[in-house]
Amino acid sequence: MAARHLSRPLAALLSSVGLAVEDVDDAISGQIARGLAPLLRPGHPHIRKLADATGLNVMSVARRYHRLLVEIEQKSQQGIWWIYREHNRATADFMCSGVVPDTAAVALGGRPLRDLADPPFEIDTALIKTALVVEGGAMSVTVTPIWIDL
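Description of the structure in this document. Along each chain, numbering runs from 1 in the same order as the chain's sequence is written. The predicted origin of the model limits local features to residues at a pLDDT of at least 70 and limits the giving and counting of side-chain atom pairs to 80 or more, whereas totals for whole chains, interfaces and linings rest on all residues. As a convention, hydrogens and water are excluded, and side-chain values are obtained from all of the structure's heavy atoms.

1. A closer look at the side chain of Glu71
Thinking step 1. Secondary structure is summarised from DSSP: a helix means a run of H or I of at least four residues, a strand means a run of E of at least two, and numbering begins at the N terminus for each. Residue placement: Glu71 occurs in strand E4 (residues 67–76).
Thinking step 2. Contacts described as polar in this section are N or O atom pairs within 3.5 Å, which, within protein, must combine one atom able to donate a hydrogen with one able to accept it, while residues neighboring in sequence count only if both atoms come from side chains. A polar side-chain atom of Glu71 sits 3.1 Å from a polar atom in the side chain of Arg85.

2. Focus: the pattern of salt bridges
Thinking step 1. For salt bridges, the criterion is a side-chain nitrogen of Lys or Arg within 4 Å of an Asp or Glu carboxyl oxygen. Applying the stated criterion to the full structure yields 4 salt bridges.
Thinking step 2. Its salt-bridge partner being Arg4, residue Asp25 comes within 2.7 Å of it at the nearest N-O pair. A residue pair is termed long-range when its members are at least 10 positions apart, and Asp25 in helix H2 (residues 21–33) and Arg4 in the segment before strand E1 (5–7) qualify at 21 residues. Both residues of the pair, Asp25 and Arg4, count as buried.
Thinking step 3. As a salt-bridge pair, Glu71 and Arg85 come within 3.1 Å of each other at their nearest N and O atoms. Of this pair, Glu71 sits in strand E4 while Arg85 sits in strand E5 (residues 79–86); the two residues are 14 residues apart in sequence, bridging distant segments of the chain.
Thinking step 4. Residue class for Glu71 comes out buried when judged on its relative accessible area of 18%. Relative accessibility decides the category of a residue: with a 1.4 Å probe and only protein chains considered, values under 20% of the type maximum give buried, values over 50% give exposed, and everything between is partly exposed.

3. Observations regarding the nonpolar core
Thinking step 1. Counting residues in each nonpolar core, the largest one holds 34 residues, and the members touching the most others are Leu50 and Val61.
Thinking step 2. No other element matches H2, which puts 4 residues into this core. Throughout this description, the term nonpolar core refers to a set of buried Ala, Val, Leu, Ile, Met, Phe, Trp, Tyr and Cys residues connected via side-chain atoms within 4.5 Å.

4. Things to note about the pairing of strand E3 (residues 58–64)
Thinking step 1. Within E3, 5 of the 7 residues are buried, which leaves it mostly tucked inside the rest of the structure.
Thinking step 2. Where strand E2 (residues 39–40) and E3 come together, 2 bridges link them in antiparallel fashion. Looking at E3, one finds that Leu40 is bridged to Val61.
Thinking step 3. Pairing between two strands is assigned when DSSP locates at least 2 bridges connecting them. In the sheet, E3 pairs with E4 via 6 bridges, with the strands oriented antiparallel. Note on E4: the bridge partner recorded for Val61 is Val70.
Thinking step 4. Linkage of E3 to E4, two consecutive antiparallel strands, is achieved through a turn of 2 residues, within which Tyr65 is found at a positive phi near 50 degrees.

5. So, the environment of Trp81
Thinking step 1. For Trp81, the position within the fold is in strand E5.
Thinking step 2. For Trp81 and Cys96, which are 15 residues apart along the polypeptide, the C-alpha to C-alpha distance reads 5.7 Å.

That's the geometry; what it means functionally is another story.
Structural data, given as structure tokens:
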């Protein structure tokens, strides 16, 4: 296996259900070998295992440039409550609904993302870079996750 990198939030999710990084990476390699996109989606046994054990709606685990990236949409009865999406080593987004005053958003820079996520899955190592209140009072947050090199 080539060198792989994953965020601490994804590493914590995988370890919480006993999934090895190699198992996920091998499953993605299997997707590629079948001519499919390099990602696991809902319905795949690994994604189902993550969702069942954590209660989080894991939408995908993808591989891009030797990085495993996770996307989670946490839903409530009123719709999507929050979304966490890793794009690359430098960029991850967190978006949450609700009514947040502009002054509260500005004060979040440098704080851990767990202060916003409910449930606060293992994202305590991800730090908020910037927070912006968007239409309807929802918040769009740029996050810096910590990465692990394997």
